[in-house]
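Structure at a glance
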Amino acid sequence: MFIVHIADITMFYAPASGGVRTYLDAKHRRLSDRPGIRHSLLIPGAHLSEHDGIYKVPAPALPFGKGYRFPLRLAPWRNVLRDLQPDLIEVGDPYLTAWAALDARRQLDVPVIGFYHSDLPLLVSNRMGNWFTPNIEAYVSKLYGNFDRVLAPSQVMADKLIGLGVKNVYVQPLGVDLQTFNPAARDPELRAELGIAEDTRLLIFAGRGSREKNLPVLLKCMKRLGERYHLLLVGSSMPAVVPDNVTVVDEFCPAPQVARLMASADALVHAGDQETFGLVILEAMASGIPVVAVAAGAFTEIVHEDCGLLCTPDNPQAMANAVRQLFAEGCQRRGVLARQHVERHYAWDSVVNSLLGHYHSVLGEQLPLLANG
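Note that this is a predicted model, so its numbers are computed, not measured. The residue numbering used here restarts from 1 in each chain and proceeds along that chain's sequence as written. Per-residue local features of the predicted model are confined to residues with pLDDT of at least 70, and side-chain atom pairs are confined, for both listing and counting, to 80 or more; whole-chain, interface and lining totals are unaffected and use all residues. Hydrogens are left out, water is left out, and the side-chain values use all remaining heavy atoms of the structure.

1. Things to note about the overall build of the protein chain
- Across its full length, the protein chain holds 14 helices and 14 strands.
- For a compact globule of 373 residues, the expected C-alpha radius of gyration is about 21 Å, and the protein chain comes in at 21 Å, within 12% of that figure.
- On the principal axes, the C-alpha backbone points of the protein chain span a range of 65 × 50 × 40 Å.
- Partly exposed describes any residue whose relative accessible area lies between the buried limit of under 20% and the exposed limit of over 50%, with all areas from a 1.4 Å probe on protein chains only and scaled to the type maximum. The burial tally for the protein chain puts 54% of its 373 residues in the buried class.
- We call two residues in contact when some of their heavy atoms are within 4.5 Å. Across the protein chain, contacts joining residues at least 24 apart in sequence account for 62% of those joining residues at least 6 apart.
- Charge counting follows a simple rule: Lys and Arg are positive, Asp and Glu are negative, and His as well as the terminal groups are ignored. Lys charges are placed at NZ, Arg charges at CZ, Asp charges at CG and Glu charges at CD. The distance from the centre of the 35 positive side-chain charges to the centre of the 38 negative ones in the protein chain is 3 Å. Numbering of helices and strands runs from the N terminus, with a helix taken as a DSSP run of H or I at least four residues long and a strand as a DSSP run of E at least two residues long. What the globule rule says is 2.2 Å times the number of residues to the power 0.38, and the radius of gyration is computed from C-alpha atoms.

2. Details of the layout of surface pockets
- Here a cavity denotes grid points, spaced 1 Å and computed from the protein atoms alone, that fit a 1.4 Å probe unable to get out, and a pocket denotes an open set having protein on both sides within 12 Å along at least 5 of 7 lines; residues with an atom within 4 Å of a point are the lining. Grid points are joined across faces, edges and corners, and a volume is the space filled by probe spheres set on the points. Put simply, the second largest pocket is a space of about 370 Å³.
- Taken together, 21 residues form the lining of the second largest pocket, with Arg186, Ala265, Asp266, Cys331 and Gln332 sitting closest to its centre.
- Elements that contribute at least two residues to the lining of the second largest pocket include exactly helix 9 (255-264) and helix 13 (331-345).

3. Quick word on the pattern of salt bridges
- One side-chain nitrogen of Lys or Arg within 4 Å of one carboxyl oxygen of Asp or Glu is enough to make a salt bridge. Using the criterion set out here, one finds 15 salt bridges in the structure.
- Here Asp148 and Arg105 are joined by a salt bridge, their closest N and O atoms 3.0 Å apart. Pair noted here: Asp148 is in the loop between helix 5 (133-144) and strand 7 (149-152) and Arg105 is in helix 3 (residues 96-108), with a separation of 43 residues, a long-range link.
- For the salt bridge of Glu193 with Arg260, the shortest nitrogen-to-oxygen distance reads 2.5 Å. Here Glu193, found in helix 7 (residues 190-194), pairs with Arg260, found in helix 9; they are 67 residues apart in sequence, far enough to count as distant.
- According to the relative accessible area criterion, Glu193 is exposed, its value standing at 53%.
- Note on Arg260: relative accessible area 23%, which makes it partly exposed.
- Here the salt bridges share partners, and the residues they tie into one network are Asp8, Lys27 and Glu90.

4. Quick word on the UniProt feature "domain: Glycosyl transferase family" (unreviewed entry) in the protein chain
- UniProt positions are given in the numbering used here, feature names are shortened, and annotations may be inferred rather than shown by experiment. UniProt marks residues 188-330 with the feature "domain: Glycosyl transferase family" (unreviewed entry), using the numbering shown here.
- The straight-line gap between the two end C-alpha atoms of residues 188-330 is 19 Å; of that span, 36% is helix and 20% is strand.

What follows is the structure, encoded as structure tokens:
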């Protein structure tokens with residue numbers, strides 16, 4: 001049997017990783033089960049090793065990096081790719097591993113696809129100011145101009161790349177695990193665990209407590225909403241000082257634990273205005289709860305009126321008003337519709353089939369599709 005070998009390479013893979021690891025794990029599971037496809041995943045590790053098609057390539061750990069490693073040498077990554085001899089390489093970050101993949105392409109004569117998961121110019125400007133923005137934009141334009149095809153998780157990200165002169169850009173949304181994030185994960189005992197009344201309106205936010213998430217907006221929103229509402233903040237680096245109607249779980253939580261909390265809440269709130277996709281939005285909708293988010297970034301593309309409400313960014317009062325409106329109009333109806341929406345549009349099997357379409361286009365090979373389920 002003819003086998004197509006696809007290799008993914010990224011440094012965005014750590015124990016507490018977010019959307020990129022979720023995407024790669026979901027993809028690896030599905031492609032590894034398909035006849036006619038071999039999938040290899042190259043990620044950073046302490047030593048060179050392989051298990052179940054996942055290759056760890058030596059890279060030093062980042063100080064205070066929560067398990068992330070930053071590759072400093074191109075050769076080990078290029079050499080693993082050369083030995084694997086894949087038919088196609090997908091790059092998941094804009095750093096050294098991307099250049100290793102392009103170097104391997106020259107030796108192997110295979111296509112390389114770049115997935116633009118993060119907005120690098122915006123990340124740099126957030127941390128270092130706008131002084132470096134023109135240089136970073138030029139870097140992104142040069143790097144992604146080298147790929148045979150570029151994928152972006154949302155139209156807003158695709159438009160940024162196109163604005164930088166990058167060609168062959170296609171929108172490829174991510175997906176959600178419909179089995180793990182499911183209304184059936186609801187735990188009616190959660191309110192008792194939190195020490196709040198049964199009729200309290202329970203909101204949730206899950207993710208890293210980074211500056212881009214705009215958590216101060218959520219905290220100010222909760223002060224305006226008052227004691228009838230309660231917010232559960234779940235994830236690492238959460239604020240230590242919060243209003244009385246906020247509970248913090250300041251640690252990385254595995255997906256099943258987040259799924260239980262999501263399904264047991266009434267709605268998700270998200271004040272981040274720079275999201276390239278917003279996987280946590282899909283996880284909430286898959287859990288059968290609606291969303292209140294800001295009308296910015298990719299949220300305008302994935303939060304439909306049937307699934308939640310959008311409000312003005314960086315405006316706690318506007319978010320509080322939207323939360324009240326959501327409950328006044330009925331959370332449960334929107335939660336049911338939200339679940340149906342992600343089932344139709346964001347199942348991982350459908351996402352991986354769409355990816356196979358991109359691979360087919362650059363390879364010219366007919367690739368087997370996954371049965372939806």
